[in-house]
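The lines below spell out each chain.
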Amino acid sequence: MADLLLFRLSLRDIAQPRRLVFCLMLGLLPALLSLLWRLGIKRGFSPDLSYGTLSSSLLMFAFVLLSAIFATSVVSQEIEGRTIGYLLTRPLPRYRIILAKWLGAVLGILILGLIGILALGASCFGAGLFGQGAVQRDLAALPAGALAYSSLFLLVACALPRPLIWTMFYAFGWEPLTQLIPGFLHYFSIGSCLRALSTHQQAEGQANPLAMLSKVLAPPMPIWAAWTALAVVALAGLAGAMLFFSLKEYAPREDAE
Amino acid sequence: MIELQRASRWYGQVIGLNDVSCTVPRGVTALLGPNGAGKSTFMKLVSGQLRPTTGFVRVLGDEPFANSKVFRKLGYCPEIDHFYEDMTGREFVRFLAVLGELPKETLDKRVDEVIEYVGMTVNAGRKIAGYSKGMRQRIKLAQALVHDPEVLLLDEPLNGLDPVGRREVTELMRRLGEGGKCVLVSSHILHEVEQMTRSIVLVHHGRLLAQGDIYEIRGLIDKHPHRIAFRTSDPAALARELLRLPRVLSLRFDDRDPEFLEIQTREAEAFYGQLADVVLEHGFVVESIESPDNNLEAVFRYLTEG
């Protein structure tokens, strides 16, 4: 019952109107861009190309941002709101507190990610979106991405101050960087794993030079390796977060004399 | 029930609590000290939110940090005025009662009981965001009491309460102490603490300055003799007789008040023993006897200001 209440508390945090509106806009942005694309081109509009290009931005940008916001807020919301003292002086083991709240965050990320993909699919393919392979692959990759990103970002939130900044460094610094370093470093990037799971059609001749370079430098990742890497990150991140949260002190600094 | 043994806590280069050893027994004990003295660090160590850098802290025989066994028997009312604002008072108390592992069968009954106990029955259905400071304080107290803990830590529980509320909460704490619970109250409202308990722990600059019964501590402060003030119809005659007593150090009259006399002595108890004989023997009419510095305020001042 305690776990369920914490799970609901986490969902309640996500459902705060301002945050929810911002995150919905973020998730729906690719669908909106697709509609504008369709309206702008009118003739010769390619649903596959539009979906492929915009779903990459959805997964690699909006989805990562959503995961970072929701996963870090599991801990930082309690610290900044200074309500963490209530939770940490109750007999419920700390790992259960973090686990229940994280599950709430994962559900929130999944729902918003799902809305984003379905809205984008509908804007590109109309009613036939469920028959599209690209949409199906994205829907399959979404839970794995949600689990992996949220676990990793939760670990960051439990271990480091100002976690949102670190997650941004990871998402928009480390992940693109691994694409440009020859070898297998991109196996240590959740984004690369997700790209391996959900391949999309890209605009021929319009692909950006960095994307072309990364194809040359980083060999394609087998699907089994992508699934394995995501599973390892999800499990290790979550275990690390639970361990940190059980051992670390979270008394607000302002109170410290 | 609470024990600190050579407990120190550092925050980087800053010391929060320095080599403190003390025990807090059953009953009400006041944790006193000026701002920045180390009260919050003390409370956070005992409530298991911080670990001591050196030494140890024990609550009911166990180290409290992240210890579920201790938290089952410990209630904590923090000083901070922060809540899950969109919850109602009842939801808040119920939520923390569930986390406190209260049995499902008695949960709602107990929540209602404790809400009534702190006088919040009428407002428990409202969102906390709309509460006054006093209501917030009461609901915070309710969440600390809901699982009927053996050890209760109350950080500035009288803050924000109106005089009636203060009296009620003071009375409530006194009752809890008399009921055998260990209640540690941090407060800076000294005269109200005095109505709650005579047992104090005084910290200053992170160090333990004094612990024990307030009057016993006062008796040990040699540097400041006890002042005893009289109102009598003939202060000069009374002064003449009192000066014969060996324990009287000085006398003071007040030009503006012809019935006032104040003496200073280092041995108040012995002086009071002889005073009765003097008054009866000479038939003095004494309207009142007061000891203006035999209280918590004075002891606090003498110990912290030197």
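What counts and what doesn't
- Residues numbered from 1 in each chain as written.
- Chains lettered and ligands numbered in written order.
- Predicted model: local features only at pLDDT ≥ 70, side-chain atom pairs only at ≥ 80, totals over all residues.
- Helix = DSSP H or I, 4+ residues; strand = E, 2+ residues; numbered from the N terminus.
- Buried ≥ 20, exposed ≤ 12 C-beta atoms within 10 Å, placed from the backbone.
- Axes fitted to C-alpha atoms, helices over the stretch in contact; angles between N-to-C directions.
- Parallel < 35°, antiparallel > 145°, perpendicular 65-115°, else oblique.
- Left-handed = near helix turned anticlockwise from the far one by under 90°.
- Contact = placed C-beta atoms within 7 Å.
- Nonpolar A, V, L, I, M, F, W, Y, C, P; charged D, E, K, R; others polar.
- Pairing = 2+ DSSP bridges.
- pLDDT = per-residue confidence, 0-100.
- Core = buried A, V, L, I, M, F, W, Y, C linked by C-beta atoms within 7 Å.
- Expected span 1.5 Å × (residues − 1).

K.L.:
Go over the overall build of chain B, please, and point to the residues and values.
P.N.:
A tally of regular secondary structure across chain B gives 11 helices and 13 strands. Seen through its C-alpha atoms, chain B measures out along the principal axes to roughly 70 × 45 × 30 Å. Looking at the 306 residues of chain B, the share that counts as buried comes to 42%.

K.L.:
Provide a residue-level description of the packing of helix H3 (residues 89-99) of chain B against helix H5 (residues 133-145) of chain B, including the pertinent values.
P.N.:
In a pair of packed helices, the angle between the axes and the distance between the axes together describe the arrangement. All names here are of chain B. Two elements in contact, H3 and H5, have axes separated by 9 Å at closest approach and are oriented at 25°. Relative to H5, the element H3 lies roughly parallel. For the pair H3 and H5, the sense of crossing is right-handed. Contacts from Gly-89, Phe-92, Val-93 and Leu-96 of H3 reach H5 at Ile-139, Ala-142 and Gln-143. Partitioned by chemical class, the residues of the contact of H3 with H5 number five nonpolar, two polar and no charged.

K.L.:
Give a description of the packing of helix H3 (residues 47-80) of chain A against helix H6 (residues 133-159) of chain A that names residues and reports values.
P.N.:
Residues and elements named next belong to chain A. Packing of H3 against H6 brings their axes to within 8 Å, and their N-to-C directions diverge by 30°. Of the possible angle classes, the one that applies to H3 and H6 is roughly parallel. Two packed elements cross with a definite hand, and for H3 against H6 that hand is right-handed. Of the residues in the contact of H3 with H6, the class split is 17 nonpolar, seven polar and two charged.

K.L.:
I'd like a description of the pairing of strand E11 (residues 248-254) of chain B, backed by residues and values.
P.N.:
In this structure, E11(B) lies alongside strand E12 (residues 257-265) of chain B, joined through six bridges in antiparallel fashion. Bridge pairing in E12(B) links Asp254(B) to Asp257(B).

K.L.:
Please provide a residue-by-residue account of the interface of chain B and chain A, values included.
P.N.:
Between chain B and chain A, the residue contacts involve 31 residues of the former and 22 residues of the latter. Of all the secondary structure elements, the ones that give two or more residues to the side of chain B that touches chain A are helix H1 (39-46), helix H2 (68-71), strand E5 (74-77) and H3 of chain B. With four residues, the top contributor of residues to the side of chain B that touches chain A is H3(B). Residue composition of the side of chain B that touches chain A, by class: 14 nonpolar, 12 polar and five charged.

K.L.:
Requested: an account of the confidence of the model for chain A, with residues and values cited.
P.N.:
This prediction gives chain A a mean pLDDT of 85; 89% of its residues lie at or above 70. For chain A, helix H9 (residues 209-217) of chain A is the element with the lowest average pLDDT, namely 64, and helix H10 (residues 223-247) of chain A is the one with the highest, namely 94.

K.L.:
Tell me about the sheet that holds strand E3 (residues 27-32) of chain B, and please be specific about residues and values.
P.N.:
Residue and element names in this part refer to chain B. The strand order across the open sheet built from six strands is E5-E6-E7-E3-E8-E9, with neighbouring strands paired in mixed fashion. Bordering the open sheet on either side are E5 and strand E9 (207-213), each of which pairs with just one other strand. In this sheet, neighbouring strand axes are inclined to one another by 15° on average, regardless of whether the strands run parallel or antiparallel. Here H1 sits on the sheet and contacts E3, strand E6 (151-155), strand E7 (182-186) and strand E8 (199-204); the angle it forms with E6, its principal contact strand, is near 150°.

K.L.:
Describe the nonpolar core, and please don't skip the residues or the numbers.
P.N.:
Core analysis: the biggest nonpolar cluster contains 144 residues, and Leu154(A), Val93(B), Ala142(B), Leu153(B) and Val185(B) have the highest contact counts within it. Those residues in contact with Ala142(B) that lie beyond four places of it in its chain are Val93(B), Val114(B), Ile115(B), Val118(B) and Met120(B). Of all hydrophobic cores here, the second largest spans 10 residues; its members include Ile228(B), Leu238(B), Phe271(B) and Leu275(B).

K.L.:
I'd like a rundown of H5(B), residues and numbers included.
P.N.:
Counted at 1.5 Å a residue, the expected span for H5(B) with its 13 residues is 18 Å, and the 19 Å between its end C-alpha atoms agrees. Of all 13 residues in H5(B), 11 are buried, a share of seventy percent or more. Contact partners of the buried residues in H5(B): helix H4 (84-88) of chain A together with E5, H3, helix H4 (104-117), E6 and helix H6 (163-178) of chain B.

K.L.:
Describe the pairing of strand E2 (residues 14-24) of chain B, with residues and values.
P.N.:
Each regular strand displays side chains that alternate between the two surfaces of the sheet. Residues and elements named next belong to chain B. As paired elements, strand E1 (residues 2-11) and E2 share seven bridges and run antiparallel to each other. Opposite Arg-9, over in E2, you have Leu-17 as the bridge partner. If you look at the hairpin formed by E1 and E2, you'll find two residues sitting between the two strands, and Gly-12 has a positive phi there, around 65°.

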